[in-house]
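What the coordinates show
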Amino acid sequence: MLMKIKPYGCFMTCIPASGGATIIPIIILSDKTQVTMFRNKSAYPIYLTIGNIPKEIRRKPSSSRCRTISNLYHACMSRILAPLKTAGTDGLVMSSGDGVERHCHPLFACFVGNYPEQLLTTGVKAMECLKCDIPTEELGSNTAPFEICNLHAVLDALSRIDDSDLVFVQACREAVIKSIIHPYWEDLPHANIFQAVTPDILHQLYQGLIKHLLGWLAQACSAADIDARCHRLPPNHHIRIFMKGITSLSHLSGTEHSQICRFLLGIIINT
C-alpha cells in the first residue's frame, strides 16, 4: 500500500516568509541490524541527514564528510555523557540493591566497539595501534620498542583548537592524532581513552588470528582432511559439529568462531 507524502510546498505555507526563509528537510533513517558483539541481538540505529544536499554528494564518501561525521559523533557523545563530568568529580548519593546509600562516582572506564568505531572514538589513524606508538610495519613484532600513547600530549594538541587552523592541524599531526574538534572524552574526569579501548575480539582475534590459522592449517594438513576430522567429531552438548567442515565457511559470526576454537586443537593432534 502506497502512502501519500506531504508535498514539499505545503511546508512553505507554514513558515512565515517575512525576511526570507529556507527550509532544511531533516531526513531520518532507521534499519534493523544485528549486533554481533552482543550475541546477534537486534538494534535500531538512527541515521540523520538533510535534504538540501544533493543525493550524489550525500551518498558519496569524502574526507571532508568523514571529518564532519567524526565531529558530529563526538558532539553527540559529549551531550550524552555531559552528566558524568559533574557526577564523576563531585559524586552523588545512590542506593544499592540492599538499600544502603553510598556516595558514588560514575566514571567513564571502558569503550567496547569494532575497530572502525575505535578509530572514530580515539582519533587514531587507520592501521595504527590504538594504545601505543609502535610503527605499523612492526605491529606483529614482540621485540620492537614502543611507548604507551601519551594522553597529556594529545590533550595539549587538542587544546590548540582556538589557535589558527594550521597550528591546530600541525599540533595534532605531531601528536599522531586526527584533528578532532573537542572529542567527548577530553573533559571526562580520570578518563584515558587509550586505556579504555578494549580488544576487538570478533575482528582482531576471531576473524584475524583464527582465520589466518585456519588457512595455514588447510595448507599444512589439506582442507579435505580438516573437514573430514570435523565430520568425525563425536556428538557433544557443548561443541557444535560442522558436518560440512570449516575450511569453506564464510561470514562466520563470533559465536561460530568461538565454537571452532573449542575443538580446533583436538582435530589437528597427531596430524
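Above this text you will find the structure in question.
Residues numbered from 1 in each chain as written. Predicted model: local features only at pLDDT ≥ 70, side-chain atom pairs only at ≥ 80, totals over all residues. Heavy atoms only, no water.

**Here we look at the pattern of salt bridges**
Under the defined criterion, the tally for this structure stands at 5 salt bridges. A salt bridge links arginine 102 to aspartate 98; the shortest N-O distance between them is 3.7 Å. The exposure class of aspartate 98 is exposed, given its relative accessible area of 54%. With a shortest N-O distance of 3.4 Å, aspartate 225 and arginine 229 are connected by a salt bridge. With a gap of 4 residues between them, aspartate 225 and arginine 229 both fall in helix H10 (residues 223-231), about one helical turn apart. By relative accessible area, aspartate 225 is classed as partly exposed at 26%. The exposure class assigned to arginine 229 is partly exposed, which follows from its relative accessible area of 22%. (Salt bridge = Lys/Arg side-chain N within 4 Å of Asp/Glu carboxyl O. Buried < 20%, exposed > 50% of the residue type's maximum accessible area, 1.4 Å probe, protein only. Helix = DSSP H or I, 4+ residues; strand = E, 2+ residues; numbered from the N terminus.)

**Concerning unusual backbone geometry**
In this structure, valine 176 takes a positive phi of about 55° despite not being glycine. Although it is not a glycine, histidine 182 sits at a positive phi angle of roughly 50°. As for its placement among the helices and strands, histidine 182 is situated in the loop between helix H7 (165-174) and helix H8 (193-196). Residue classification places histidine 182 among the partly exposed residues on the basis of a relative accessible area of 42%.

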